[in-house]
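Next come the chains, spelled out residue by residue.
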Amino acid sequence: RTICLQLPSKFSRDWFFERFQLVIDDVLTEMEKTLRAKLKWTLQGRGSVDGQRSQASMTQLKELLSRGLQVLHHHPNGRIIQSYIIFHETTNRITIQPMETSIFDFSRKQMGLDVKDIAEIRPGTPSIGFVRSNISDKQGECLSLIGTECTIDIQLATPKARDLLAHKLKLFIDSWKSREE
């Protein structure tokens, strides 16, 4: 079934689109959301209208990540660390920076991935950091950034926050990769 809507302005169209996406996310079960993510069936990337919206989303996310976004980092050793995920524009890297540092952290290498190196953004908990921290009951809040250097496993406050970050990160990374081509 198809419904065609004509809205009076770009603002109202974008507002409706975002709210409709939230309704869809509320209605879908966790299994349907997982299948939707795996099949990459999203309501994104259609034509120039979405190109403008994705550019605005990319800019907004870049500003947010430049300031730092508070997350729980599931380290591969099994520790759960309150951290910030930060984008460094000078190096084009997304890194994890712990909120609190210790005198023993001086030798610890900072975890990070080059934006071009991120191969997949995987929602859920099927990654080593989550397995070792034994957090399978929070899979709706978890997300993995997978690259060749490492895997960054993070947990957000709510499933909606995780889904929104995953969606915007995908747009952000795709835009950086398309710049390189």
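Residues numbered from 1 in each chain as written. Predicted model: local features only at pLDDT ≥ 70, side-chain atom pairs only at ≥ 80, totals over all residues. Heavy atoms only, no water.

Quick look at the confidence of the model for the chain
- Residue-level pLDDT values for the chain average 78, and 80% of them are 70 or greater.
- By mean pLDDT, helix H3 (residues 47-67) is the weakest element of the chain at 68, and strand E2 (residues 80-88) is the strongest at 90.
- Scored below 50 in pLDDT, residues 41-49 makes 13 contacts in the model with residues more than four places away or belonging to other chains. (pLDDT = per-residue confidence, 0-100. Helix = DSSP H or I, 4+ residues; strand = E, 2+ residues; numbered from the N terminus. Contact = heavy atoms within 4.5 Å.)

Focus on the sheet that holds E2
- Strand order across the open sheet formed by seven strands is E4-E3-E2-E1-E7-E6-E5, with antiparallel pairing between neighbours. One side of each edge strand has no neighbouring strand; the edge strands of this open sheet are strand E4 (112-114) and strand E5 (120-123). Averaged over all adjacent pairs, the angle separating strand axes in this sheet is 35°, with direction ignored.
- Here strand E3 (residues 93-98) pairs with E4 via three bridges, running antiparallel. Bridge assignment links Ile-94 to a residue of E4, and that residue is Leu-113. (Pairing = 2+ DSSP bridges. Axes fitted to C-alpha atoms, helices over the stretch in contact; angles between N-to-C directions.)

Let's talk about a nonpolar patch on the surface
- Residues Ile-3, Leu-5, Leu-7, Phe-11, Trp-15, Phe-16, Phe-20, Val-23 and Val-27 make up a contiguous nonpolar surface patch of roughly 950 Å² in combined accessible area.
- For Val-23, the position within the fold is in helix H1 (residues 10-27). (Patch = residues over 30% accessible without salt bridge, like charges linked within 9 Å, V, L, I, M, F, W, Y side chains within 5 Å. Areas by Shrake-Rupley, 256 points an atom, 1.4 Å probe, with all protein chains shown as cover. Salt bridge = Lys/Arg side-chain N within 4 Å of Asp/Glu carboxyl O.)

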